[in-house]
Amino acid sequence: MMNHHRKCLGFRRINILNSSVLMCAVAFCVAAPMAAVPARSQEVPAATRPSDDDLRRSDWIAQGRAKFISACSYCHGSKGDAGKVKSFTERSNWNPQSIHDVITNGRTRGSNVMPPWGGSIADDEIWRIVAYIKSLSTDFKGPIPVENGN
Amino acid sequence: MKRPIRAVAGLMLGAFAMSAFATGASAQDANGNWTEYNGDYRSWRYSPLDKVNKSNIGKLKVAWIHQPGDITSGIQVTPLVIDGIMYYIAANNRVYAVDAATGTQIWEYIPELDADHMKSIFAAYNRGVAIADGKVLLGTSDGRMIAIDQKTGKEGWQVRLTQPAECHGCNFTSPPTIANGIAIIGKTGGDLAQRGQIYGVNIADGKLLWTFEVLKDDPASWPADQIATGGGGAWMPGVFDPKTQLYYVGTSNPAPDFRASQRRGDNLYTSSIVALDPKTGKVVWHHQEVPNDAWDFDAQNEIVSIQHEGKDLIFHLNKGGFVTVLDKKDGSVVNVWQFSENVNWVDKIDPKTGKIGTRNEPTDAEKKIFCPSALGARSMNAGSYSPKTKLWYTNGFELCNSAQTVETQISKLAFSQPYYATSEFGFDAPPGKKASAYLKAFDPLTGKMAWRVDYKNPGLGWVLATAGGLVFNGDLEGYVHAYDDESGKELWKFQTGSGIRAGIVSYMADGKQYIVVPSGMGSLFPGFASSVFTDFKTIRGGAAVIAFTVE
């Protein structure tokens, strides 16, 4: 039933299953870059991340939003304005790799716990969630229209 | 090392306690112990102790503090106290026994949990242990029940009950309920694409005796293609009544939470009060509060038993904002009254039958707002009933959520992803109003309110009322308050350092009455509600058990 081995769209899949120390954050806590230390950052390879333009693709943002609403909004609100973190709508200059890594690995920060989503959300889907989260930032330059993308 | 005088006191208390157990009496029969999660089978969370009272509450001071050292998800426990020893569970299922008079640690137990347990959205936290036959029993974050020795803390038997890898992380977050040598526990998972169960385990050897399928295998109740992923379960403890010899528990919501249209039928036995035979796990009677639930309205809250005009009654608050009063012998409806100030998911509930009126449920077609929210009229933190005032003291809040549904492929759910089937979701203030919170005192049979205290944010701690005429309640900001049980006037407060998300209890040790307050905010609720109650964004976590007494 789980989607653990889905082929990603050109991005390296990060297998974090069976990690012994993965902590997580129910509040789906994607944090400010300097605070966004993944639970096992040493295990996150220097991933090939999408370009800044890819992360502005309108189809990615829409797909990321759909996944965010279904998987993340209960804790974070539909626009990332809930959760025990700074609102996503008040962010600027937010490193997409940090967002990606926290989603993938989860995080425990104090009493706050966010589960790791890597391994059960395909890496390409995680990048689409990143695209949506980035689109909420104050310095978002606007979407690049793409129709019928994938 | 105990002092001699304490050993004597402990023996005396032990004798009282043994006597109480032998007669089927309870923590609330003035022996000074707190032996069950909700006090006893009546779920009053009331202490008959009165050494701390309205006249001396001003002298209530901290006696000791014990910290478990792990604040993951805060501390959510209701401690137990037997024979001068306190037992409590903290983050990641750490269990402690401490001297209840001094806070000196006697033993600790730290289980080795499967690493994958942290992938569950219900990871790390736990609300209590149960004690029976010399064993401390816990349900674990990775789906087991474990028995540890009450005297030494050494691990005894263990039994795996759930398979978290197959059920999106379903596990245990609450203590078992003890019923004549059987430990009964339900698993999490009303929000998961799995099938909920309740288990009966033999306390002597850990053998699984029976499994109750919360989702009734009945095509009239469930579409055949929905039952395997229909949610359910029972994530809060029930109660065992030694008089009726029945186990009563409130069950979880069905899944997908908000898209009831794909599972038409009443979806028994979700969102229900069920009375089970603890020997077999068979249903004796049930009352479903929300048929074909479309709003995430679990029935997890405390089941409170009282006597009225010669009848044994139950009253119970559903997340949907109504209190149902039932005849305990057969589950027939005696009354239903509206608890929440803002309700729009149904136009009415018949107070004579409990039948719900016209439904307003989420649809695929449009985003709508529903009140109360999926967080309920109140969180799972129980209120307290005082036989002295005949009032029920409980927190509550006014909060709504918006939702629009969408068909959701189970194969595309991530491991930690609840099965909500929503395309839009968010928490909101009631339309045209501000979100609000309160502590209220009610006549539990009629809903007549005696007094209220307004809170800035939802109170998430479990309430304690005492024979000393006091009502203790903790708040988000970290204060524990003591109120006059008749007027609601605040008589005392103390800053504990973190928000309170746990059960306040009282007990006797070395001749003194103690009030104990576990302090340390955590759990899922603060994140959920923070878009509306924004103070939740900045609260500090923590974990400390703080005992108070009057010198």
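Heads up: the structure comes first, above all this text.
**Q** Looking at this structure, how should I read the overall build of chain A?
**A** A count of helical and extended segments in chain A gives four helices and two strands. From first element to last, N terminus to C terminus, chain A shows the α and β order α-α-α-β-β-α. Looking at the 150 residues of chain A, the share that counts as buried comes to 59%. Surface exposure of chain A reaches about 6100 Å², of which carbon and sulfur atoms provide 49%.

**Q** So what exactly am I meant to see when it comes to the pairing of strand S13 (residues 197–202) of chain B here?
**A** A regular strand places its side chains so that they alternate between the two faces of the sheet. All names here are of chain B. Most of S13 is tucked away: five of the six residues are buried. Summarising the sheet, S13 and strand S14 (residues 208–213) pair through five bridges and their orientation is antiparallel. For Gly200, the partnering residue across the bridge sits in S14 and is Trp210. In this antiparallel pair of consecutive strands, S13 and S14, the connection spans five residues, and Gly206 shows a positive phi of 80°.

**Q** Would you take a moment to explain the state of the cysteines for this structure?
**A** Here, the word disulfide means a covalent bond between the sulfur atoms of two cysteines. Residues and elements named next belong to chain B. Within this structure, the stated rule accounts for two disulfides over all chains. Shown here is the disulfide that connects Cys167 with Cys170, its sulfur atoms set 1.9 Å apart. Disulfide Cys167 to Cys170: torsion about the S-S bond roughly -70°, handedness left-handed. Each member of the pair, Cys167 together with Cys170, is buried. A disulfide bridge connects Cys371 with Cys400, and the sulfur atoms are separated by 2.1 Å. Measuring the twist about the S-S bond at about 105°, one finds the Cys371-Cys400 disulfide to be right-handed. Of this pair, Cys371 sits in the loop between strand S23 (368–370) and strand S24 (384–386) while Cys400 sits in strand S26 (residues 400–405); the two residues are 29 residues apart in sequence, bridging distant segments of the chain. Cys400 sits in the buried class, given a relative accessible area of 0%.

**Q** Looking at this structure, I do not really get the sheet that holds strand S36 (residues 544–550) of chain B. What am I missing?
**A** The strands that make up a sheet pair up through hydrogen bonds in the backbone, lying either parallel or antiparallel. Residues and elements named next belong to chain B. The four strands are arranged S2-S36-S35-S34 in an open sheet whose pairing can be described as antiparallel. Strand pairing shows two members of the sheet lacking a second neighbour, strand S2 (60–66) and strand S34 (505–509), which therefore form its edges. The mean inter-strand angle of the sheet, taken between neighbouring strand axes irrespective of direction, is 35°.

**Q** Can you help me understand the interface of chain A and chain B in this one?
**A** By a widely used convention, the size of an interface equals the accessible area lost when the partners come together. With 36 residues of chain A at the contact, the number on the chain B side is 41 residues. When chain A packs against chain B, close to 3000 Å² is buried across both sides, 58% of that on carbon and sulfur atoms. Applying the counting rule to chain A against chain B returns one salt bridge. Note that Arg65 of chain A and Glu424 of chain B form a salt bridge whose closest N and O atoms lie 2.9 Å from each other. Where chain A meets chain B, there are 14 residue pairs in polar contact (both at pLDDT 80 or more). For the side of chain A that touches chain B, the secondary structure elements donating two or more residues are helix H1 (58–71) and helix H2 (73–76) of chain A. Here the side of chain A that touches chain B takes five residues from H1 of chain A, the largest share from any one element.

**Q** Sorry, what's going on with helix H3 (residues 96–105) of chain A here?
**A** Every α-helix carries 3.6 residues per turn, so stepping three or four residues along brings you back to the same face. Residues and elements named next belong to chain A. In terms of residue burial, H3 counts as a mostly covered element, since 10 of its 10 residues are buried. Buried residues of H3: Pro96, Gln97, Ser98, Ile99, His100, Asp101, Val102, Ile103, Thr104 and Asn105, and no others. Along its buried surface, H3 packs onto strand S1 (107–109), strand S2 (112–114) and helix H4 (123–135). N-capping of H3 is provided by Asn95, with a side-chain oxygen placed 2.9 Å from the backbone N of Gln97. Backbone geometry just after H3 places Gly106 at a positive phi near 70°.

What counts, and where the lines are drawn
Within every chain, residues take consecutive numbers counted from 1 along the sequence as written. Both sets of labels track the order of writing: A upward for chains, 1 upward for ligands. Totals for whole chains, interfaces and linings use every residue, but because this is a predicted model, local features are given only for residues with pLDDT of at least 70 and side-chain atom pairs only at 80 or more, for both listing and counting. The basis for the side-chain values is all heavy atoms of the structure; hydrogens and waters are excluded. Secondary structure elements follow DSSP: runs of H or I no shorter than four residues count as helices, runs of E no shorter than two count as strands, and numbering proceeds from the N terminus. Burial classes follow relative accessibility: with a 1.4 Å probe on protein chains only, a residue under 20% of its type's maximum area counts as buried, one over 50% as exposed, and anything between as partly exposed. Note that accessible areas follow from Shrake-Rupley with a 1.4 Å probe, and for residues the cover is restricted to the protein chains shown. Paired strands, in this sense, are two strands between which DSSP finds at least two bridges. To count as a disulfide, a pair of cysteine sulfur atoms needs to be within 2.5 Å. Helix axes use the C-alpha atoms of the stretch in contact, all axes being lines fitted to C-alpha atoms, and the angles between their N-to-C directions lie in the range 0 to 180 degrees. Contacts are residue-level and defined by heavy atoms, with any inter-residue pair within 4.5 Å sufficient. A 1.4 Å probe defines the accessible area here, and the buried area is the portion of it lost by two parts on being joined, summed over both. Salt bridge criterion: a side-chain nitrogen from Lys or Arg within 4 Å of a carboxyl oxygen from Asp or Glu. Contacts described as polar in this section are N or O atom pairs within 3.5 Å, which, within protein, must combine one atom able to donate a hydrogen with one able to accept it, while residues neighboring in sequence count only if both atoms come from side chains.

Geometry only, nothing functional implied.
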